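So you can see what is in the structure, the chains are spelled out below.
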Amino acid sequence: MNKVVANADEAVRDVFDGAVIMVGGFGLCGIPENLIRALVHKGVKNLTTISNNVGVDGFGMGLLLSAGQIRKHIGTYVGENKLLEQMVLQGKVELDLVPQGTFSERIRAGGAGIAAFFTPTGVGTVVGEKKETREFDGRMYVMERALKADFAFVKAWKGDKWGNLVYRKTARNFNPMMATAARVTIAEVEHLVEVGELDADMVHTPSVYVNRIFQGELYEKRIEKRTVRKAVASS
Amino acid sequence: MNKPGKDIDKRERIVKRIARELRDGFYVNLGIGMPTLVANYVPARMDVILQSENGMLGIGPYPVEGQEDADLINAGKETVSEMQGTAYFSSADSFAMIRGGHIDLSVLGAMEVDEEGNLANWMIPGKMVKGMGGAMDLVAGARRVIIAMEHTTREGEPKILKKCSLPLTGVRVVNTIVTDMALLQVTPKGLVLEEVAPGLTAEEVQRATEPTLTVSPNLKVMEG
């Protein structure tokens, strides 16, 4: 079994116009930088992207946005992206905003064979408006459907050649669920290792979910809001 | 006192008072903006573990310059550090923790709160919708919700209303409102005024609030 591909360009070889693509990351943390660049390079259009945010202007998924490749975006918060605001107002991009917990669970459900579930989130708000609601044990819940994709672009810290993945700190976020919820999961890792090198107890995403894996390069790992505290001088 | 100084004093009074609601062993989620300042007033020797919706339990302080790690950020996308006892997990696990009622306290800001405890804090119609992020899940799941906000808008209009006019974040989710003027509890019978800021009267608070307040027989002065 060989899931290793040479690079991001090879990894996205069969992505097509109109594809539905899940992209990992929270803000700029844990985004698959190489895969996003390759997608821009490939030039496929009319994409539906599923990602918590849309990068920032000029980096991450903001690059796909400015290249005009996104037709519809499903996410939870897009406030950092002025270009998206403009494109939505101009009718160039359709935007579907979902509460972050519902978004997470919809993707998890998509990979877990759960067609729909009931959540208390959004009951009585615009989120719950046009959906089926039901009462359980005296509390109202709204029904949400599973979310799936054609492709999942996942970023991990370490992966072996079978596709077992380990994430690092808060760069984990949506990557594990997205890895399970697409027909083709592509993982880009900072460290590609031999099968057997990962501690089996420490694997976050078991290899069954990953179709292609490659070692990424040239990570910028941009920090959106560098926040520091003053070091206390020792006396 | 010039305005900026006043604003800092207001915020400090609000977050200091909220910090007095913390208990040892509490797991707490602090919303973006003013609520994050509550972390500065956790009493010494009290273990309060902060949860970040993006998949971290046990948020440490901001890193010292040079120690920033791009893989280590909070829900506001600021760089943070670990503490002893930190744990990481996925977003699905994070919101299972939140939605499943495992977080003791959620502190958030608000645009409007009404006398039924409805909350509006994510959208202003006519302006670009940025998204609700994790707010709706937080208010649906946390065991207790405390709102940290200024009592009135910049123009002096009440933010505590009979009925929210803005799109809701949650229905009947707010338990306690802490402002620069007062501390109020949401009860099945409406809002109860329990504490007033130093130098203020219950009448002054009522005048800045739209719904009729029940003044607690044990009305106290808000202490930081």
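Rules used in this analysis
- Residues numbered from 1 in each chain as written.
- Chains lettered and ligands numbered in written order.
- Predicted model: local features only at pLDDT ≥ 70, side-chain atom pairs only at ≥ 80, totals over all residues.
- Heavy atoms only, no water.
- Contact = heavy atoms within 4.5 Å.
- Buried area = accessible area lost by both parts, 1.4 Å probe.
- Salt bridge = Lys/Arg side-chain N within 4 Å of Asp/Glu carboxyl O.
- Polar contact = N/O pair within 3.5 Å; in protein donor to acceptor, adjacent residues only side chain to side chain.
- Helix = DSSP H or I, 4+ residues; strand = E, 2+ residues; numbered from the N terminus.
- Nonpolar A, V, L, I, M, F, W, Y, C, P; charged D, E, K, R; others polar.
- Phe/Tyr/Trp six-rings, centres within 6.5 Å; stacked < 30°, edge-to-face > 60°.
- Lys NZ or Arg CZ within 6 Å of the ring centre and 35° of its normal.
- Buried < 20%, exposed > 50% of the residue type's maximum accessible area, 1.4 Å probe, protein only.

**A word on the interface of chain A and chain B**
Okay, step 1: Counting residues at the interface gives 50 residues for chain A, matched by 43 residues for chain B.
Okay, step 2: Regarding the contact of chain A and chain B, the summed buried area is about 4000 Å², with carbon and sulfur atoms giving 61% of it.
Okay, step 3: Three residues stand out in chain A for area buried against chain B, namely Lys 169, Thr 170 and Arg 229 of chain A, and they jointly supply 16% of the buried area on that side.
Okay, step 4: Inspection of the chain A/chain B interface yields five salt bridges.
Okay, step 5: Our count for the chain A to chain B interface comes out at 23 residue pairs in polar contact (both at pLDDT 80 or more).
Okay, step 6: For the side of chain A that touches chain B, the secondary structure elements donating two or more residues are α4 (82-89), β4 (94-97), α5 (100-112) and α6 (175-180) of chain A.
Okay, step 7: Looking at which element gives the most residues to the side of chain A that touches chain B, the answer is α5 of chain A, with six residues.
Okay, step 8: Its residues assigned to classes, the side of chain A that touches chain B comprises 20 nonpolar, 16 polar and 14 charged.

**Topic: the packing of aromatic side chains**
Okay, step 1: Under the definition given, this model contains four aromatic pairs over all chains.
Okay, step 2: Here the aromatic rings of Phe 118 of chain A and Phe 136 of chain A are separated by 5.1 Å at their centres, their planes lie at 65°, and the arrangement is edge-to-face. Of this pair, Phe 118 of chain A sits in strand β5 (residues 116-119) while Phe 136 of chain A sits in strand β6 (residues 133-136), and the two are 18 residues apart along the sequence.
Okay, step 3: Within the aromatic cluster, the residues linked to one another by ring pairs are Phe 118, Phe 136 and Tyr 141 of chain A.
Okay, step 4: Above the face of the Tyr 219 of chain A ring, Lys 155 of chain A is positioned so that its terminal group lies 4.4 Å from the ring centre.
Okay, step 5: Lying over the aromatic face of Phe 26 of chain A, Lys 77 of chain B brings its terminal NZ or CZ to 5.1 Å of the ring centre.

**Structural notes on the pattern of salt bridges**
All names here are of chain A.
Okay, step 1: Here the structure, examined in full by the defined rule, presents 24 salt bridges over all chains.
Okay, step 2: The salt bridge involving Lys 155 is made with Glu 190; its shortest N-O contact spans 2.9 Å. Within this pair, whereas Lys 155 is found in strand β8 (residues 149-160), its partner Glu 190 is found in strand β10 (residues 182-193), the two being separated by 35 residues in sequence. For the pair Lys 155 and Glu 190, a shared accessibility class is recorded, and that class is buried.
Okay, step 3: The salt bridge involving Glu 194 is made with Lys 161; its shortest N-O contact spans 2.7 Å. With a gap of 33 residues between them, Glu 194 in the loop between β10 and β11 (212-215) and Lys 161 in the loop between β8 and β9 (165-166) connect regions that are remote in the sequence.
Okay, step 4: Given a relative accessible area of 41%, Glu 194 falls into the partly exposed group.

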